[in-house]
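# Working through the structure, step by step
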Amino acid sequence: MNITFLLGNGFDIGLGLKSGYKSFYPYFVDKANDDNLIRQAIEKEKKDNYSTWADLEEALGRFTHNISLDQRQKFVQDKVEVDTLLKEYLLSEEEKFDLSKEKIKEIMTNAIKHIRQGNNLEEKELIKSVLNGHVSEDFWYQCITFNYTNCIDKIWSSISEEIVGSHTYGGRTKMERFDRVLHIHGTLSDNEMLIGVNDETQIDNKEILEDETVRWSLIKPYLNKVLGQRKIESAQKIIDQSGIICLYGMSIGKTDNIWWEYIGNWLRTQSSNVLIIYNYDPQYILGHPVNQLIHSEKIRESFLDKTKLDEHNRKLIKDKIIIYDNQNIFSV
């Protein structure tokens with residue numbers, strides 16, 4: 001059975017990298033051409049409107065509203081400039097990452113222990129029931145990362161030979177180990193970085209979509225398929241073979257709806273599956289139990305809205321979504 005982490009930019013930030021959009025913005029303004037259409041649009045809207053990469057990706061779709069047919073190729077090249085500058089910036093941040101093997105093992109051991117905790121006895125029993133349902137199998141910790149840096153690769157590979165846990169079945173010992181990392185949106189070294197929206201509905205100007213280069217530059221799943229590496233299919237296979245999925249460091253934005261819909265169906269079709277959302281909200285503080293319940297319900301409903309499931313199926317899976325708040329399990 002797979003226990004799978006989907007990791008977003010919050011993971012790299014927790015490791016000490018200044019990889020957020022707000023950190024990149026000054027570098028972009030300093031390096032980008034003055035006539036870059038995307039730079040001009042961002043400055044017009046004011047940079048403070050964007051706190052996450054998902055905010056910027058949504059904005060890219062909106063910016064097309066004012067792009068004429070004559071400007072579409074310049075827009076594509078200006079988007080390429082954004083991607084190129086982001087690559088340059090993140091490469092400089094990636095160089096700062098350095099952890100000992102001992103520290104990595106400590107962090108990852110604590111992380112996999114935390115998965116089993118639950119916020120209460122019922123959640124703990126729910127997680128335990130998933131693990132018990134697959135007790136005859138080895139447990140493999142997989143990673144689908146939405147980041148471009150190789151930090152997670154270094155972490156995963158450094159403990160890939162380690163047996164990080166075990167359980168018994170029928171008198172035999174079953175192993176628990178870390179397996180693979182899949183960069184669903186490419187890396188800084190493979191020339192396959194994807195930044196953009198989820199689908200055509202998130203692009204305001206449908207007229208310029210007749211130009212396929214616009215689709216390549218803006219629609220992540222479309223370019224992923226064109227590149228021919230079958231990353232979407234590989235990620236779906238990892239998810240299908242998972243009993244537990246953990247979302248960590250992700251804003252769960254609309255520009256990755258393909259994955260929230262897929263995970264929603266994964267929860268719907270397998271009654272024993274569990275989704276854990278590590279939600280980061282520095283404004284939220286544990287308090288009255290009623291407020292805690294209201295907060296958790298808000299996070300669940302926000303995720304469920306993106307699954308596009310009908311009300312009946314939403315109710316079926318809602319209790320299989322566990323929310324961990326402000327648990328920085330990977331931070332150094």
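Here the structure is shown first, and the text comes after it.
Here's what I pulled together on the structure shown here.

About the criteria used
Residues numbered from 1 in each chain as written. Predicted model: local features only at pLDDT ≥ 70, side-chain atom pairs only at ≥ 80, totals over all residues. Heavy atoms only, no water. Salt bridge = Lys/Arg side-chain N within 4 Å of Asp/Glu carboxyl O. Helix = DSSP H or I, 4+ residues; strand = E, 2+ residues; numbered from the N terminus. Axes fitted to C-alpha atoms, helices over the stretch in contact; angles between N-to-C directions. Parallel < 35°, antiparallel > 145°, perpendicular 65-115°, else oblique. Left-handed = near helix turned anticlockwise from the far one by under 90°. Contact = heavy atoms within 4.5 Å. Nonpolar A, V, L, I, M, F, W, Y, C, P; charged D, E, K, R; others polar. Phe/Tyr/Trp six-rings, centres within 6.5 Å; stacked < 30°, edge-to-face > 60°. Lys NZ or Arg CZ within 6 Å of the ring centre and 35° of its normal. Core = buried A, V, L, I, M, F, W, Y, C linked by side-chain atoms within 4.5 Å. Buried < 20%, exposed > 50% of the residue type's maximum accessible area, 1.4 Å probe, protein only. Pairing = 2+ DSSP bridges.

## Notes on the pattern of salt bridges
As enumerated under the stated definition, the model contains 24 salt bridges in all. Where R116 meets E176, a salt bridge forms, and the shortest distance between an N and an O atom there is 3.3 Å. Residue R116 is located in the loop between α6 (101–115) and α7 (121–133), and its partner E176 is located in strand β4 (residues 172–183); the two are separated by 60 residues in the primary sequence.

## So, the packing of helix α2 (residues 21–31) against helix α3 (residues 37–45)
At a closest axis distance of 12 Å, the pairing of α2 and α3 adopts a crossing angle of 120 degrees. In terms of their interaxial angle, α2 and α3 are classed as oblique. Note that α2 runs across α3; the crossing there is left-handed. Contact residues: Y21, Y25, F28 and V29 in α2; R39, I42 and E43 in α3. In the contact of α2 with α3, the residues fall into five nonpolar, no polar and two charged.

## Side note on the packing of aromatic side chains
In the structure shown here, the tally under the stated rule is 17 aromatic pairs. For the pair Y27 and Y89, a centre-to-centre distance of 5.4 Å together with 50 degrees between the ring planes defines the contact as tilted. One end of the pair, Y27, is in helix α2; the other, Y89, is in helix α5 (residues 72–94), with 62 residues separating them in the sequence. Feature note: the residues F5, F11, Y141, W156, F178, Y248, Y278, Y324 and F330 constitute an aromatic cluster, connected by ring pairs. Sitting over the ring of Y222, R215 keeps its end group 5.8 Å from the ring centre.

## Details of the nonpolar core
Judged by nonpolar contacts, the single largest core of 38 residues is most densely connected at M108, I115, Y141, W156, I244, I276 and F330. Looking at which element gives the most residues to this core, the answer is α6, with six residues. Those residues within four positions of F330 in sequence are excluded, and the remaining contacts are F5, L7, F11, L15, I107, M108, A111 and Y248. Counting 35 residues, the second-largest nonpolar core is a separate cluster that includes A32, L37, A41 and M193.

## Considerations on the sheet that holds strand β1 (residues 2–7)
Either a parallel or an antiparallel arrangement is found when strands of a sheet pair, and the pairing is made through backbone hydrogen bonds. An order of β3-β4-β2-β1-β5-β6-β7 is seen for the seven strands of this open sheet, with the pairing classed as mixed. Edge positions in the open sheet fall to β3 (165–169) and β7 (321–325), since each of these has one partner strand only. Across the sheet, the mean angle from the axis of one strand to that of its neighbour is 20 degrees, orientation sign disregarded. Most of the contacts of α6 go to strand β6 (residues 274–279), to which it runs at about 120 degrees, and overall it touches β1, β2 (139–145), β4, β5 (242–248), β6 and β7.

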